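# Results of the structural survey
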Amino acid sequence: MSKPDRITAARVIVASPGRNYVTVKIETASGLVGIGDATLNGRELAVAAYLTEHLLPALIGRDPARIEDTWQYFYRGAYWRRGPVTMTAIAGIDVALWDIKAKAAGMPLYQLLGGASRDRMLCYTHADGASIEDALDATDAKRQQGFRAVRIQAGVPGLERVYGVHGAHDTAAGHQPAPLEGDWDTAAYLRHTPGLFEAARTRFGPDLHLLHDAHHRLSPNEAAQLGRSLEPYGLFWVEDPVPAEDQTAWRRIRQQTTTPLAVGEVFNSIWDAQTLITERLIDYIRSTIVHAGGVTHVRRIAELAALYNVRTGFHGANDLSPITMGAALHFGRWAPNFGIQEYASHPPEAAEIFGWDWRYEAGDLYSGETPGHGVTFDEAAAARFPYERHYLDVNRLKDGTMWDW
Ligand code: EZ4
Ligand code: CO
C-alpha cells in the first residue's frame, strides 16, 4: 500500500452570493483539494465557529482517506453529539473528504458509492402564487420548462405572509436586525388547500406529479384531515404536515390517510427517523447530506429506509449550496431506493464562486463525470461576497401566539 496522504490545511469560508453559504475547504500534502457544504440557513456562523474552533484543528495531520474513522471521531468522539450545528459541521468535512477520495481514485463519486442505479434523477421544483390562479400559472410556467413534478403553494385568504408564497427571507442588503413574521390560521388553510389541488388536477390532467409542503404547522388530526381531503387529487406527497420531532404523531396520520407522506429536511440523525422508518409511517425521507452528517451518515439513513420500502426525496432548497446538490446527485445516482430530488435554482451570483458539472434537463437532474463530486469553489471570488445576517421567518397565530414556521 502506498504511503498515506495527510491533511495539511482546512478552513471554512462564509460567503453571501445572493444568500449565505458556508464552505469547508480541505487540502492535502499530495496536493488534493476537497470542498464540502456546511450551510445552516439563519445559523451560519454557529457552524463556522464549531468547525473553526472545535473540529478543523484536530483534522490537521489526519489521513484524508480514513473518512469513516474521521466521522466517528467527530460524532462518537464528542460527548455532546447530534444536533443541527454539529451534524452540519461534520457533513462539511465528510463531503470534502469524499471529494478528495474520489479525486484520488480518479472517479466520479457515484462510482465509489457502488456505481449507477440510474443515469437521471427525477426532480421537482417550486411554484407559488398569492391566489390559486397565480399559483397555477406559475405551475404551468414550470411545466413548460419540462418539469414533471411541481410543489405548489398558494396564499390563503385572510393571511398576509404564508410560507412558500411570500419569500423565505428578507432579501434587502445588509444585516437583517430580526426575523420577519408570518401569520397563520390552520382552519383557513385546511378549507382552502383542497380547492388548490382540485383546480390543479382539472387544469393539468392526471400526469403531472403534484407535491405540497405543510411546513410543520398541523396537529396529527388536522394532518389526517388534510391528507384525506387531498386523496382525490392523487398527490405525489404531502411534506412535513406536523412538527417533525414528534415521531409517534405520524401513527395517527398514517392510519387515517393514503396520501403519501414525506418528512426529514430538519432531521440531522438516523435516530430522528428511526420510528418513522421502521414503523413504515412515511413514504419518503428528506434528510439530505448537508444537515445529516454527510454522505457517510445519510447512506446509513437511506439503507435503513430501503429495508422498509421508504424512498429518498432529498431536500434541495437553494439555501443548500451547489456542493450539496452535486453530492446529492451522485448519491441519487447510486441509491437503489432513490425517489425524487427537490430542485430550486441558486441565485445567479452563486455561479461566480461555485462551478458545477451537474445539470437539469427536461424534468430530470444529471450528475457529472468529473472525478470527485464535480463542484468547484473559487475562494478569491467568495471574498467579494461578505456574510450578511439573514433569518428564516418566524410565524404567529392571529392572536399573536408563537407558532411553527
Ligand atoms: O424551509 O430550506 O421544502 N423546502 C423547504 C425549505 C426550507 C428552507 C429552510 O432553510 O421547506 O423552503
Ligand atoms: Co420543506
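Keep in mind the model is a prediction, meaning the values are calculated, not measured.

Further remarks concern the overall build of the protein. When its secondary structure is counted, the protein shows 13 helices and 18 strands. By the compact-globule yardstick of 22 Å for 405 residues, the protein fits well, its C-alpha radius of gyration being 21 Å. Its C-alpha atoms give the protein principal-axis dimensions of roughly 65 × 45 × 45 Å. Taken across its 405 residues, the protein has 57% of its residues classed as buried. As displayed, the protein offers around 16100 Å² of accessible surface, 51% of which is attributable to carbon and sulfur atoms.

With that settled, the discussion passes to the site of ligand 1. Around ligand 1, 14 residues are found, and the nearest of them are Tyr163, His215, Glu239, Glu265 and Asp319. Within the contact set of ligand 1, an oxygen atom lies 2.9 Å away from a side-chain nitrogen or oxygen of Asn41. Contacts to ligand 1 include Arg151, whose side-chain N or O atom sits 3.3 Å from an oxygen atom. In terms of residue class, the shell around ligand 1 is made up of four nonpolar, three polar and seven charged.

Positionally, Glu342 belongs in strand β12 (residues 338-342). On the accessibility criterion, Glu342 (2% relative accessible area) is buried. A polar side-chain atom of Glu342 sits 2.8 Å from the main-chain amide nitrogen of Gly316. With residues near it in sequence (within four places) discarded, Glu342 still touches Tyr124, His126, Arg151, Arg286, Phe314, His315, Gly316, Ala317 and Met325.

Turning our attention to the sheet that holds strand β6 (residues 181-184). Taking strand neighbours across the sheet as the criterion, the three strands line up as β6-β17-β18 in an open arrangement whose pairing is mixed. Of all the strands in the sheet, the pair left with one neighbour each is β6 and β18 (402-403). Examined bridge by bridge, strand β17 (residues 394-397) and β18 share two bridges and lie antiparallel to one another. Of the residues in β18, the one forming a bridge with Arg396 is Met402.

In this section: helix α3 (residues 84-105). For α3, with 22 residues, the first-to-last C-alpha span of 31 Å sits near the 32 Å given by 1.5 Å per residue. The buried count for α3 comes to 16 of 22 residues, which makes it a mostly enclosed element. Of the residues trailing α3, Gly106 is marked for its positive phi of about 70°.

One way to put it is that helix α1 (residues 44-59) packs onto α3 with a least axis distance of 9 Å and a crossing angle of 55°. By the angle between their directions, the pair α1 and α3 is classed as oblique. The element α1 and its partner α3 pack so that their crossing is right-handed. Where α1 approaches α3, its residues Ala46, Val47, Tyr50, Leu51, Leu55, Leu56 and Leu59 are matched on the opposing element by Val85, Thr86, Thr88, Ala89, Ile90 and Ile93. Residues of the contact of α1 with α3, tallied by class, amount to eleven nonpolar, two polar and no charged.

Each pair of donors in an ideal four-coordinate tetrahedral metal site encloses 109.5 degrees, whereas pairs in an ideal six-coordinate octahedral site enclose 90 or 180 degrees. All of the protein donors around the cobalt ion (ligand 2) are Asp213 (OD), Glu239 (OE) and Glu265 (OE); their distances to the metal are 1.9 to 2.2 Å. For the cobalt ion (ligand 2), the six donor atoms in the first shell make angles of 24 to 176° at the metal, a pattern classed as irregular. Assessed through its relative accessible area of 0%, Glu239 is described here as buried. Glu265 gets classed as buried once you look at its relative accessible area, which sits at 12%.

Next up on the list: the nonpolar core. Ranked by internal contacts, the top residues of the largest apolar core, which has 110 residues, are Ile26, Leu51, Ile93, Ile152, Trp250, Ile289 and Phe331. The leading source of residues in this core is α3, at nine residues. With residues near it in sequence (within four places) discarded, Ile93 still touches Val24, Ile26, Leu51, Leu55, Leu56, Leu59, Thr70 and Phe74. Core analysis: the next-biggest nonpolar cluster, separate from the first, contains nine residues, Ala149, Leu211, Phe236 and Trp237 among them.

Let us look at the sheet that holds strand β3 (residues 33-37). One open sheet holds the three strands; their spatial order is β1-β2-β3, and the pairing between them is antiparallel. With one partner strand each, in any of the chains shown, β1 (7-15) and β3 form the two edges of the open sheet. Taken over all neighbouring pairs, the strand axes of this sheet differ in orientation by 20° on average, direction set aside. Packing of α3 onto the sheet brings it into contact with β1, β2 (21-28) and β3, and relative to β3 it is tilted by some 145°.

Under the counting rule described, the total for this entry stands at 18 aromatic pairs. Here the aromatic residues Phe147, Tyr343, Trp356, Trp358 and Tyr360 are joined through ring pairs into a cluster of three or more. The ring of Tyr73 has Arg62 lying over it, and the distance from NZ or CZ to the ring centre is 4.3 Å. The ring of Trp184 is capped by Arg217, whose NZ or CZ atom sits 4.7 Å from the centre of that ring.

Reading the values: the criteria
- Counting starts from 1 at the beginning of each chain's written sequence and moves along it residue by residue.
- By the order in which they are written, chains take letters starting at A while ligands take numbers starting at 1.
- Per-residue local features are limited, in this predicted model, to residues with pLDDT of at least 70; the limit for side-chain atom pairs, both in listing and counting, is 80 or more; totals at the level of whole chains, interfaces and linings are taken over all residues.
- Side-chain metrics in this entry use all non-hydrogen atoms of the structure; hydrogen atoms and water are not considered.
- Helix and strand definitions here come from DSSP, where helices need a minimum of 4 consecutive H or I residues and strands a minimum of 2 consecutive E residues; each element is numbered from the N-terminal end.
- Here the globule rule reads 2.2 Å times residues to the power 0.38, and the radius of gyration is calculated from C-alpha atoms.
- Working definition: with a 1.4 Å probe on protein chains only, accessible area under 20% of the residue-type maximum means buried, over 50% means exposed, and in between means partly exposed.
- Areas reported as accessible are Shrake-Rupley estimates using a 1.4 Å probe. Residue values count occlusion only from the protein chains shown.
- Put simply, a residue is near a molecule or strand once any heavy atom of it comes within 4 Å of that molecule or strand.
- Polar contacts here mean pairs of N or O atoms no more than 3.5 Å apart (in protein, one a potential hydrogen donor and the other a potential acceptor; neighbouring residues in sequence count only if both atoms are side-chain atoms).
- Each residue receives one of three labels: charged for Asp, Glu, Lys and Arg, nonpolar for Ala, Val, Leu, Ile, Met, Phe, Trp, Tyr, Cys and Pro, and polar for the others, Gly being one of them.
- Contact criterion: two residues are considered in contact whenever any of their non-hydrogen atoms come within 4.5 Å of each other.
- In this analysis, strands are considered paired if DSSP registers two or more bridges between them.
- Between the first and last residue of a helix there are one fewer steps than residues, each counted as 1.5 Å, and that sum is the expected span.
- Angles shown run from 0 to 180 degrees and are taken between the N-to-C directions of axes, each axis being a line fitted to C-alpha atoms and, for helices, limited to the stretch in contact.
- Roughly parallel refers to an angle under 35 degrees, roughly antiparallel to one over 145, roughly perpendicular to one between 65 and 115, and oblique to any angle outside these ranges.
- By definition, any crossing whose near helix is turned counterclockwise from its far helix by less than a right angle is left-handed, and any crossing with a clockwise turn is right-handed.
- Donor selection uses N, O and S atoms within 2.8 Å of the metal (3.2 Å for Na, K and Ca). Since no water is included, sites may look incomplete.
- By the criteria applied here, four donors are tetrahedral when all angles lie between 85 and 135 degrees, four are square planar and six octahedral when opposite donors are over 155 degrees apart and every other angle lies between 65 and 115, and any other arrangement is irregular.
- Put simply, a nonpolar core is a bunch of buried Ala, Val, Leu, Ile, Met, Phe, Trp, Tyr and Cys residues held in one set by side-chain atoms that sit within 4.5 Å of each other.
- A pair of aromatic rings is counted whenever rings of Phe, Tyr or Trp (Trp by its six-membered ring) have centres within 6.5 Å, and the orientation is called stacked for planes under 30 degrees apart, edge-to-face for over 60 and tilted otherwise.
- Over a ring means this: the NZ of a Lys or the CZ of an Arg is within 6 Å of the ring centre and within 35 degrees of the ring normal.

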